[in-house]
Every structure is written in C-alpha cells, then in structure tokens.
Amino acid sequence: MCEDQEFDTRYQDMIVCPWCGSKWYDDDSYYASAGTTEETCEECGREFSVEANIEVTYTTSRKLCENDEHEYEYDRFHFSTQDYQRGQWINLPEEKWKKVNIFKCKKCHHEDFRREEIKDEEWEQARNDANRRMASHRL
Ligand SMILES: [Zn+2]
Ligand SMILES: [Zn+2]
C-alpha cells in the first residue's frame, strides 16, 4: 500500500478511509444524525473524521382557502348552450341556455360558477357563440 496515495473522499456514496481507501456503507444513516464523528479505520487502524453531506430539498404546496375565506373577483363569462351527456356534447334547446359568470378567488384561484338567465340584449352573442361552438365540434 502506498502511503502517499490519495483517495476520492469527498461527497461519496460510501465512507472512504482517507488513509487506505477502504470503503463501507453507513447502513443505518448513523453519520447523518451524528454530526462530525471521529472514526478508526478497521482496515488500517488509522484515525479520520466523517462528516455526512446532507442535500437539502424543498417541497411547497399551494395554500388553499377554507370555504368561507375566498375573495372572489369577476373573471369571465360564457353561455352554456350544451350539456355533456354519455360521453358527448348535446346541444340544448334555447330555453335551457344559461349565462355562466365565473368568479375567481384572487387568493387561491378557485373558480365559482354562477348561472343566471340570459338577458334580452345578450341573446345575439349567445347564439353566435353557440353557432361557433357547433361549427368547431363538427370538425
Ligand atoms: Zn484505512
Ligand atoms: Zn380562495
């Protein structure tokens, strides 16, 4: 064994004796919780220190509102002229059409769908939207 040989001892998967290069596993992650630890190599009998390198990662998740904490703002609307039944879109008769106002919570982005009757002045736009939707479904 050459006294001056250097071993790769930094950031290794196994503990490497810096004197003789023998390796062993930290099976029960003892060193991760022990801080810097003095060891004696079982192969060569010399002393060295072990320090576990712990990689820190971060996990985040969105904080959602409780039901009564939403702060809704008006976001957009659409006309509901179709219904999804048994796997396909069915065109509803006009008397079942509704205007759907969508409010979005500015804190958690939850959407609240509020349906209302279509006003007289909105029918033209509703019919245009429905025609456009039907045309795109035929493609
Ligand atoms: Zn050793
Ligand atoms: Zn919210």
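Rules behind the numbers
- Residues numbered from 1 in each chain as written.
- Chains lettered and ligands numbered in written order.
- Predicted model: local features only at pLDDT ≥ 70, side-chain atom pairs only at ≥ 80, totals over all residues.
- Helix = DSSP H or I, 4+ residues; strand = E, 2+ residues; numbered from the N terminus.
- Rg over C-alpha atoms; globule rule 2.2 N^0.38 Å.
- Buried ≥ 20, exposed ≤ 12 C-beta atoms within 10 Å, placed from the backbone.
- Contact = placed C-beta atoms within 7 Å.
- Pairing = 2+ DSSP bridges.
- Axes fitted to C-alpha atoms, helices over the stretch in contact; angles between N-to-C directions.

Another aspect to go through is the overall build of the chain. Each helix and strand counted, the chain has two helices and nine strands in total. Ordering the α and β elements of the chain from the N terminus gives β-β-α-β-β-β-β-β-β-β-α. Taken over the C-alpha trace, the chain has a radius of gyration of 34 Å; the compact-globule value for 139 residues is 14 Å, which it surpasses by more than 25%. Its C-alpha atoms give the chain principal-axis dimensions of about 95 × 40 × 25 Å. Burial statistics for the chain: of 139 residues in total, 2% are counted as buried. Nonlocal contacts in the chain, meaning residues at least 24 apart in sequence, comprise 43% of its contacts between residues at least 6 apart.

Turning to the pairing of strand S4 (residues 47-50), a few remarks are in order. In the sheet, strand S3 (residues 37-40) pairs with S4 via four bridges, with the strands oriented antiparallel. Residue pairing in the sheet places Glu39 in a bridge with Phe48 of S4. Between S3 and S4, which pair antiparallel one after the other, the connecting turn spans six residues, and Gly45 there sits at a positive phi close to 75°.

Pairing within the open sheet is antiparallel, and its three strands lie in the order S5-S8-S9. Of all strands in the sheet, those with a lone pairing partner are strand S5 (72-80) and strand S9 (111-116), marking the two edges. Strand-to-strand twist in this sheet, taken as the mean axis angle between neighbours without regard to direction, amounts to 25°. Where S5 lies against strand S8 (residues 98-105), eight bridges are found, and the strand directions are antiparallel. Residue pairing for S8: Tyr72 is matched across the bridge by Cys105.

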